[in-house]
Amino acid sequence: MVKLDPSWLEPLQKEFDAPYMASLRNFLMAEREAGKRIFPKGSEWFHALDATPLAQVRVVIIGQDPYHGESQAHGLCFSVRDGVQPPPSLVNIYKELKSDLGINPPRHGHLESWAKQGVLLLNAVLTVEAGRAASHQGKGWEQFTDAVIREVNALPRPVVFILWGSYAQKKASFVDTTKHCVIKSAHPSPLSAHNGFFGSKPFSRANAFLESHGKKPIDWRLPESAG
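Notes on the structure follow.

Rules behind the numbers
Residues numbered from 1 in each chain as written. Predicted model: local features only at pLDDT ≥ 70, side-chain atom pairs only at ≥ 80, totals over all residues. Heavy atoms only, no water. Helix = DSSP H or I, 4+ residues; strand = E, 2+ residues; numbered from the N terminus. Rg over C-alpha atoms; globule rule 2.2 N^0.38 Å. Buried < 20%, exposed > 50% of the residue type's maximum accessible area, 1.4 Å probe, protein only. Contact = heavy atoms within 4.5 Å. Areas by Shrake-Rupley, 256 points an atom, 1.4 Å probe, with all protein chains shown as cover. Lys, Arg positive; Asp, Glu negative; His and termini not counted. Charge placed at Lys NZ, Arg CZ, Asp CG, Glu CD. Core = buried A, V, L, I, M, F, W, Y, C linked by side-chain atoms within 4.5 Å. Phe/Tyr/Trp six-rings, centres within 6.5 Å; stacked < 30°, edge-to-face > 60°.

1. So, the overall build of the chain
Then, number 1: Assigned secondary structure in the chain consists of eight helices and six strands.
Then, number 2: The secondary structure elements of the chain, listed N-terminal to C-terminal, are α-α-β-α-β-α-α-β-β-α-β-α-β-α.
Then, number 3: Taking 2.2 N^0.38 as the reference for a compact globule, 227 residues should give roughly 17 Å; the C-alpha atoms of the chain span a radius of gyration of 17 Å, in line with that estimate.
Then, number 4: The C-alpha extent of the chain, read off along each of the three principal axes, is 50 × 40 × 35 Å.
Then, number 5: Expressed as a percentage of its 227 residues, the buried residues of the chain come to 56%.
Then, number 6: Taking all contacts inside the chain whose residues are at least 6 apart in sequence as the whole, residues at least 24 apart take part in 69%.
Then, number 7: On the chain, roughly 10,300 Å² of surface is accessible, and the fraction owed to carbon and sulfur atoms is 51%.
Then, number 8: Charge-centre separation for the chain: the mean point of 26 positive side chains lies 3 Å from the mean point of 22 negative side chains.

Here it is as structure tokens:
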């Protein structure tokens, strides 16, 4: 069931072997045996780590939980499967992308092309029960994803952390700002986007930092077709 790029296996092995991870596995198995539906599907729980090898991480975007609606979540934060209407937060991300870089939004919400360029789209919690937001919080995922962030923070090269909202900012509060670039703003949710997300220019700021350190910028344009 575990599917992730091999570059993450060695640094995270101690997490997979830890007691909390065994407890998390038992919880997820019990939920399934009780007939509860879990999103995303098991092969996509670690999709963020599968799509973006550790050595290729250039930008980290942190979300909170997977989408809990039908056919939405596929293991990348803020991203939805092809054919699924972009949720409101992603619509606002697209609006800021247009304002910041003049990039027109695609008709889909599939962010795989960002992940393949080195944008780690990491949720703090990697599973959720269908129709029940935040239902898998406090079960162990947060400890695991803290370890993921620590591995990126320990890289010898600079990385950009884009932290939208207080939850993401608290989660990555230990990131070394003397080495890495940390871009903070309000969350893109319709409830908060007008309080500092719109106009924050995270995409151009991330690229400016990468280029200033001799790194290739992210092509934030998304293909017109997610396929």
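2. Focus on the nonpolar core
Then, number 1: Judged by nonpolar contacts, the single largest core of 73 residues is most densely connected at Trp8, Trp114, Leu120, Phe144, Val152 and Trp220.
Then, number 2: Broken down by element, this core gets its largest block of residues, six residues, from helix H6 (residues 141-153).
Then, number 3: Residues in contact with Trp220, not counting those within four places in the same chain, are Val59, Leu97, Leu101, Ile103, Trp114, Val119, Ile162, Phe203, Ala206 and Asn207.

3. Structural notes on unusual backbone geometry
Then, number 1: Backbone torsion omega between Phe39 and Pro40 reads -10°, so that peptide bond is classified as cis.
Then, number 2: Within the secondary structure, Pro40 is located in the loop between strand E1 (38-39) and helix H3 (47-51).
Then, number 3: Here the phi dihedral of Phe78 falls at roughly 70°; this positive angle occurs in a residue that is not glycine.
Then, number 4: Note on placement: Phe78 falls in the loop between strand E2 (59-63) and helix H4 (88-101).
Then, number 5: For Phe78, a relative accessible area of 10% gives the class buried.
Then, number 6: The backbone of Lys201 shows a phi angle near 50°, a positive value even though the residue is not glycine.

4. Brief notes about the packing of aromatic side chains
Then, number 1: Applying the stated rule across the entire model yields 13 aromatic pairs.
Then, number 2: Aromatic ring contacts, followed pair by pair, group Phe78, Trp114, Trp164, Phe197, Phe198, Phe203 and Trp220 into a single cluster.

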